[in-house]
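Take a look at the letters that make up each chain.
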Amino acid sequence: MSDMLHKTPLRLTFFLYTLETVGGAERATTLVANGLAARGHEVNIVTTWGRDSRFPLHPEIRLHALKETVGSFKCDYVRDVRKLRAYLREHQPDLLIASEVSSTLLALPAAAGLGIPCVGWEHFNFNTTFNRPRGPLNRWRLARRLAARFAQAVVVLTRRDAELWRAGLPDLRARLEVIPNPLPFPLAAVNPYRPDRNIVLAAGRLTEQKGFDLLLDAWAQLEADFPNWTLRIVGDGEEATNLRAQALHAGLERVAFVGKVQDMHAEYSAAGLYCLSSRYEGLPLVLLESQAFGLPVVAFDCQTGPQEIIEHDVNGLLVPPGDTDALAGALRQLMSDSVRRTSLSERSHALASRFGVEEILTRWEDLLGQLRRGVSRPRMALVPRANS
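Residues numbered from 1 in each chain as written. Predicted model: local features only at pLDDT ≥ 70, side-chain atom pairs only at ≥ 80, totals over all residues. Heavy atoms only, no water.

Draft legend 1. Local environment of empty space enclosed by the protein. Throughout the structure, instances matching the rule amount to three cavities of 30 Å³ or more. By volume, the largest cavity is sized at about 50 Å³. Looking at the largest cavity, the residues that line it are Ala202, Ala203, Lys210, Phe212, Tyr274, Cys275, Leu276, Ser277 and Ser278. Taken together, the elements giving at least two residues each to the lining of the largest cavity come down to strand E8 (199-203) and strand E11 (273-276). Residue composition of the lining of the largest cavity, by class: six nonpolar, two polar and one charged. (1 Å grid on protein atoms, 1.4 Å probe; cavity = no way out; pocket = protein on both sides within 12 Å on 5 of 7 lines; lining within 4 Å. Points joined across faces, edges and corners; volume = space filled by probe spheres on them. Helix = DSSP H or I, 4+ residues; strand = E, 2+ residues; numbered from the N terminus. Nonpolar A, V, L, I, M, F, W, Y, C, P; charged D, E, K, R; others polar.)

Draft legend 2. Molecular detail of the sheet that holds strand E6 (residues 153-156). Read from one edge to the other, the open sheet built from seven strands follows the order E3-E2-E1-E4-E5-E6-E7, with strand pairing classed as parallel. Sheet topology places strand E3 (62-67) and strand E7 (175-178) at the edges, where each strand pairs with a single neighbour. Recorded for the sheet is a direction-independent mean angle of 20° between the axes of neighbouring strands. Bridge analysis of strand E2 (residues 42-49) against E3 gives five bridges, and the strand direction is parallel. Residue pairing in the sheet places asparagine 44 in a bridge with arginine 62 of E3. (Pairing = 2+ DSSP bridges. Axes fitted to C-alpha atoms, helices over the stretch in contact; angles between N-to-C directions.)

Draft legend 3. Main features of the pairing of strand E13 (residues 316-319). Residues of E13 alternate between two faces, with Gly316 and Leu318 on one and Leu317 and Val319 on the opposite face, all of them buried. Bridge analysis of strand E12 (residues 297-300) against E13 gives four bridges, and the strand direction is parallel. Bridge pairing links valine 298 to leucine 317 in E13. (Buried < 20%, exposed > 50% of the residue type's maximum accessible area, 1.4 Å probe, protein only.)

What follows is the structure in structure tokens.
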């Protein structure tokens, strides 16, 4: 169907807060935008702030920022909506994709009445509110309600999250589509895994969400029993100082905090296991990448991504969310058994093909092509007015 839909290139604008930070939403947005641009579609990216991107962009993609530096969501709200609306009126894209669902709070009023369908893209999960108050004016809850009512479509990363959206918003009017994030590089034909590598790898922003404090608690139960193994944590973030202090206080000697790295491929290649200790997720790209390198995974079965990627005791082990004893126990099982690690590795590498970039891009093309062709759009209302 995709070939028939896209003889005429799509004119697309992706909108998100910034590309000057390193995160899963930013990375996934650039992966999909770059892939669509490479397929001949006209792709622009608009950010609320920052004129640079921490991720490479296809040479045909134009990046536009509403302002130079980060500001206040509340204080800049009306001005940002007006600037985005002016941009949309000038460029008239076929579709506007609001990447990170809370950005629909700006995208929907900016596009109101312009005949530009808006797509909300959920990068976390329906219950994620970043520990903000749970009332009706919580930014993420409000954005999800408005996207469900007024967006043309909402894209979520997992089937489980689609269930949460339907259960939490029974009056959902937007089309709900499940499209996972793509693997960001080609899958090697031969599984590169080597079971003699004694590194437990974990990577991501050092934030409360990623649960590295829980991982350190689990590692404290293991380090003395596995003198040849090292825990390697890649990334930086606001919890870096606290995590280093936690490791020091616990007397941990084989925990390496390596900060940001340029070559994650080398990190995956050197590892024997991957551990995901997140409190919540969308669809973590690190799990897709670790699969591509054949790494067996131990992960908390948190909402909503790990269970979409990890089949328990097939290509990894899932343990109850937040249970550090269970996390330590699962790591102990695999660190003690190279034969089992190898068996899980073979299946992990084979299953990575489910998330190939070309298949995922075709699903995006099909959805966006169908939306361009005139599916009825809900009328705009109950959204803050912007000047027309």
